[in-house]
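Structural description and commentary
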Amino acid sequence: MSGDACIVATGAGVTEPPCDACLRRSWLIARLAGHIEVAWSARRGRAGLLTLPDDELVAALGGAHRDVIAREHERFRPADLRRRCTADGIAALCRCDPRYPTGVAELADPPAVLYVRGNIARFEQALTADRVAIVGARRATEYGLAQARGLGRGLAAAGLAVVSGMALGADAAAHGGALAVDGLTLAVLACGPDRAYPASKRRLYERICARGAVVAELPPGTPPRRWCFPARNRIIAALAQAIVVVEAGERSGSLITAGQAAELGREVAAVPGLVTAPLAAGTNALIADGAQLVRGPQDVLELLFGAAALALLPDAEEQRTADLAPDLRRLRERVAAGCDTVAALAGPDGKLDVVLAQLAQLELRGLVRRGAGGRYTVTT
Amino acid sequence: MLARVVTFTIDGVDPRPVWVEVDIRPGLPAFRIVGLADAAVREARERVHAAILNSGFEFPARRITANLAPAHLRKVGPGFDAALAVGLLAASGQCPAEALERWAIFGELSLTGALRSCRGALAAAEGARRSGIAGLVVPRELAGEAALVEDVVVAGVDDLRGVAALLDGGEAPPPSAPAAVRSDEIIDELDLADVRGHELPLLALEIAAAGGHNILLEGPPGSGKTMLARRLPGLLPPLSRQEALEVTRIHSVAGIVHRGGFAATRPFRAPHHTVSPAGLVGGGRPPVPGEASLAHHGILFLDELSEFARPSLEALRQPIEDGEIVIVRDQQALRFPTRFMLVGATNPCPCGYAGSDRPCRCGELELARHHRRLSGPLLDRIDLLVTVARPTAAALAAPPRTSTAAMRERVLAARERQDVRLAGTAVHTNAQLDARLLRTHVRMSGAVQRALAHAYDHGDLSARGHDRVLRVARTIADLAGRDAITLDDALQSLALRTRMHHGSDETVAA
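Residues numbered from 1 in each chain as written. Chains lettered and ligands numbered in written order. Predicted model: local features only at pLDDT ≥ 70, side-chain atom pairs only at ≥ 80, totals over all residues.

Scanning chain B from terminus to terminus reveals 19 helices and 16 strands. For chain B, the proportion of its 510 residues judged to be buried stands at 52%. In chain B, 74% of the contacts between residues at least 6 apart in sequence involve partners at least 24 apart. (Helix = DSSP H or I, 4+ residues; strand = E, 2+ residues; numbered from the N terminus. Buried ≥ 20, exposed ≤ 12 C-beta atoms within 10 Å, placed from the backbone. Contact = placed C-beta atoms within 7 Å.)

As structure tokens, this is what we get:
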């Protein structure tokens, strides 16, 4: 195992973390990314591939190039990679580093190096805090987005770190919710830490870098491949104490993450959906299999802390609406109850102008937002 | 012998006087036209020849040279035919030359000798007035249009013989009376009383009409976006005489002939989304006005806004901002006025059903692409956004909530307040207020300022969006007859502001 090599290396006092052996291992995974992709697509020995030691990995995957790769592997200069990380403001935590997250070390195939970009102080704060992963469908519905955002916001406000994958849809919404209350959030990427993937989330990437951190297994500059996403998911599962699946189809990647989390002994929870909704098939199945049902941040906190949860979230909802005028509060309750368009809220003979002004007030205070088709949703 | 006739060429939408000089002298029979003439003008030779003979005149078998002066000006179109023929008749002594100092002549000739209508008669009449010429001869169909210009005697004649008789001191056909713009014609047959449900869109349309605001209607297919947009012209104040002149002049250049000769109603232009940038803002060779100019003083309706090609929408930015478009061709700059109200309609998402009763099947990527096409510079210039939902069955059965006449009355009152407030400035409506005018003409309470500052600080509002909200709030206050903007006005305006629901992690501030 390369893990042994690492201990030998530090034991010999050769290098400080990130040590040469770990960086070399990390380089090798990136070098073999294409080969792993081929093996992965062919469904050949998918499991345990990343647990192989360096030389066996090269032998197993290198094919005709194995000698070339073995030579490159020997000649690889860790100092170059270290320099690159320093230049790009990326912290490299290797398995021998005491700061390496203990949760991730529990994996059967832990990444040799975790590359961290962003606010390092916030990253370390997140590692000492409790962490919840929120994952879900890329093509999430308005409902799923609202739930992910609400969970991200609520849990981050309670002092927890929100871990997700910065993917489109639910993931991004969860990060967005956490950022909205300036909470802790970690994005685990499937590519190098210096790349914003997907590209349309560049702004989110930058916000996360400023107020949280992005974490990646692959060295800077590596583009994502398909196998990288399930590999990334195992890190999300390992980093968090609990995982909440927001919306997932029947064969969703989020279910893989949930499975990995369950294997690691993490709490698995899911937000229920309509039994007829395709994107609720996966989450409802999880609940049927015994996952905790999540109706809001409170349920997640109770799952993690039991009765102590009450102290953490002193009814944030109560607080946010405490000083609302009674008519505004009533209006918001009606929006929450599904009466969500201006016309419906005003009723057949209602005063549209009054309702418009009231909705604008709620929107200004961040208590409702206008979604697609002019439908309002309450924010949680 | 030499004769000289005044006529006009159209440069963009502006008339330029052209002197047609015809010289006849002994020599081999020939007929030549010189002076930067385009193909249609050169072909005039054949038409003039046949028309003169078919009208019973004699075509002199001598050496004929026609010169179109000034020589540097590019002459376009068939409007010179009649002037050339009359010049030839005068030069050959078949009609009196001295009368040509009082009459300018404009029109195309048929081979039979009949005068045919051609584009730009109104502009020609304006040219006659500017050049100080007392009368203008035009084809009879165009007399009504040309007579919109005061101080010019317009004679509508049928054929070349008629022109000769007129110049001979014969009885001029009764000069067409200057047409009056009649406001009772304005009312479109499309009435808001046909609308059921749509309470919120009606409110937004009223605000848009009152302040001249650009508006975006968003809603699933078949929900009534187009139906609502078509009823907007009926809400607007009637065209003033000056506006009617401007509209008719542009339309006349584009070859659109109105009943009664002039534009009585505000134009409503709805180009298809495949329109090219040149088709939308004008262009071509020679340059002709585009849809944006044809919608001058009226409404430019862009259905399926997100389907328009990016370059077309980009091309609209400057005309919206400046109220005119400048097209440079052949070393000349042409100005076409483009002061229109923009009404856009769009589906909320590519499948069309986001936020409606039917499930939307678009992924976030598709939604993001859809919004990216809409957003940006054009959306920045749209003040109001309203969702048009499918009316419920109950609403369909209910009696109408309003009528065009009732709403128009409120709109006119609000416009009057704007006229009073903005008297002495270059603008007429709240939508045209720039940052400077906003500061001087819009009074608001401290509560309004605080609410807007709050929205601005929280990223819900951009600087541009802040001004847009103020403009719309000003209109809402005008509709209510208030001098100062109240907090409720500003809040309503905020609720109707243009912004795009944009994916999972953020809402784009607008």
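Once that is clear, we can look at the environment of alanine 108 of chain A. Here alanine 108 of chain A is to be found in the loop between helix H7 (102–105) and strand E2 (113–118). Once the C-alpha coordinates of alanine 108 of chain A and threonine 51 of chain A are considered, the two residues, 57 residues apart in sequence, prove to be 6.9 Å apart.

A separate point is the sheet that holds strand E11 (residues 268–269) of chain B. Residues and elements named next belong to chain B. One open sheet accounts for 5 strands, arranged E11-E12-E15-E10-E16; its pairing is parallel. The sheet terminates laterally at E11 and strand E16 (384–387), the two strands that pair on one side only. Pairing geometry for strand E12 (residues 299–302) and strand E15 (residues 341–346), over 4 bridges, is parallel. Considered in E15, the bridge of leucine 300 is made with leucine 342. Its contacts with the sheet place helix H7 (residues 199–211) against strand E10 (215–218) and E16, and it is angled at close to 160 degrees to E16. (Pairing = 2+ DSSP bridges. Axes fitted to C-alpha atoms, helices over the stretch in contact; angles between N-to-C directions.)

This part is about helix H2 (residues 20–31) of chain A. In an α-helix, one turn spans 3.6 residues; hence positions three or four apart end up facing the same way. Residue and element names in this part refer to chain A. The first and last C-alpha atoms of H2 sit 16 Å apart over 12 residues, in line with the 16 Å expected at 1.5 Å per residue. By the criterion of burial, H2 is predominantly enclosed, with 10 of the 12 residues buried. Looking only at H2, the buried set comprises Asp20, Ala21, Cys22, Leu23, Arg24, Arg25, Ser26, Trp27, Leu28 and Ile29. (Expected span 1.5 Å × (residues − 1).)

Time to look at the confidence of the model for chain B. All names here are of chain B. Here chain B shows a mean pLDDT of 84. Residues at 70 or above account for 92%. Per-element mean pLDDT across chain B ranges from 75 in helix H1 (residues 39–42) up to 94 in E12. Confidence over residues 178–187 falls short of pLDDT 50; this stretch has 22 contacts with residues more than four positions distant or in other chains. Every residue in residues 502–510 scores below 50 in pLDDT, and together they form 39 contacts with partners more than four places removed in sequence or on other chains. (pLDDT = per-residue confidence, 0-100.)

What follows is about the nonpolar core. Of all hydrophobic cores here, the largest spans 163 residues; its most connected members are Ala85, Leu136, Ala146 and Leu384 of chain B. Setting aside its immediate chain neighbours within four residues, leucine 384 of chain B contacts Ala204, Ile207, Ala208, His213, Ile215, Leu216, Val472, Leu496 and Thr498 of chain B. Counting residues in each nonpolar core, the second largest holds 102 residues, with Cys19, Leu57, Ala133 and Val300 of chain A among its members. (Core = buried A, V, L, I, M, F, W, Y, C linked by C-beta atoms within 7 Å.)

Okay, unusual backbone geometry next. With omega at -5 degrees, the peptide bond leading from tyrosine 197 of chain A into proline 198 of chain A counts as cis. Following the sequence through the fold, proline 198 of chain A ends up in the loop between strand E5 (184–189) and helix H11 (202–211). At the junction of alanine 69 of chain B and proline 70 of chain B, the peptide bond is cis and its omega measures out at 0 degrees in the coordinates. Turning to its location among the elements, proline 70 of chain B is positioned in the loop between strand E4 (63–69) and helix H3 (81–91). We note that histidine 198 of chain B has phi near 55 degrees; this positive angle belongs to a residue other than glycine. Position of histidine 198 of chain B relative to the elements: it lies in the loop between helix H6 (160–167) and H7. The backbone of glutamate 304 of chain B sits at a positive phi, close to 55 degrees, despite the residue not being glycine. On the secondary structure map, glutamate 304 of chain B appears in the loop between E12 and helix H12 (310–322).

Next up on the list: the interface of chain B and chain A. On the side of chain A, 32 residues touch chain B, which itself brings 29 residues to the contact. Secondary-structure elements contributing two or more residues to the side of chain B that touches chain A are H7, helix H13 (364–374), helix H17 (446–457) and helix H19 (487–495) of chain B. With 5 residues, H19 of chain B is the single largest residue contributor to the side of chain B that touches chain A. Along the lines of polarity and charge, the residues of the side of chain B that touches chain A split into 14 nonpolar, 9 polar and 6 charged. (Nonpolar A, V, L, I, M, F, W, Y, C, P; charged D, E, K, R; others polar.)

Turning our attention to helix H12 (residues 228–239) of chain A. Residues and elements named next belong to chain A. A rise of 1.5 Å per residue sets the reference length of H12, with its 12 residues, at 16 Å; its end C-alpha atoms lie 16 Å apart and thus fit the reference within 8%. For H12, a buried count of 10 out of 12 residues is recorded, marking the element as mostly surrounded by other parts of the structure. Taken together, the buried positions of H12 are occupied by Cys228, Ala231, Arg232, Asn233, Arg234, Ile235, Ile236, Ala237, Ala238 and Leu239.

Now for the sheet that holds strand E3 (residues 131–135) of chain A. Residue and element names in this part refer to chain A. Taken in spatial order, the 9 strands of this open sheet run E1-E2-E6-E5-E4-E3-E7-E8-E9, and their pairing is mixed. Looking at the sheet topology across the chains shown, the edges are occupied by strand E1 (90–94) and strand E9 (292–293). Note: E3 against strand E4 (residues 161–164), 3 bridges, orientation parallel. Counted as the bridge partner of arginine 131 is alanine 161 from E4. Contacts between helix H10 (residues 170–180) and the sheet are confined to E3, E4 and E5, with E4 contributing the most and set at about 160 degrees to the helix. Here helix H13 (residues 253–263) sits on the sheet in contact with E3, strand E7 (242–245) and strand E8 (267–270), set at roughly 155 degrees to E7.

Our focus in this paragraph is the environment of alanine 129 of chain A. Residues and elements named next belong to chain A. Assignment of secondary structure puts alanine 129 in the loop between helix H8 (120–128) and E3. Under the C-beta neighbour-count criterion, alanine 129 is labelled partly exposed, with 16 such atoms within 10 Å. Sequence spacing of alanine 129 and leucine 160 is 31 residues, and the spatial spacing of their C-alpha atoms is 6.0 Å. Every residue in contact with alanine 129, bar those within four places of it in the chain, is listed here: Gly159, Leu160, Ala161 and Leu184.

This next bit is on the packing of helix H9 (residues 142–157) of chain A against H10 of chain A. Residues and elements named next belong to chain A. Following both chains from N to C, one finds H9 and H10 inclined at 35 degrees, their axes separated by 7 Å at the closest point. At the point where H9 passes H10, the crossing takes the right-handed sense. Between H9 and H10, the contacting residues are Gly144, Leu145, Ala148, Arg149, Gly150, Leu151, Gly152, Arg153 and Ala156 on the first element and Ala170, Ala173, Ala174, His175, Gly176, Gly177, Ala178 and Ala180 on the second. Looking at side-chain class alone, the contact of H9 with H10 contains 9 nonpolar, 6 polar and 2 charged residues. (Left-handed = near helix turned anticlockwise from the far one by under 90°.)

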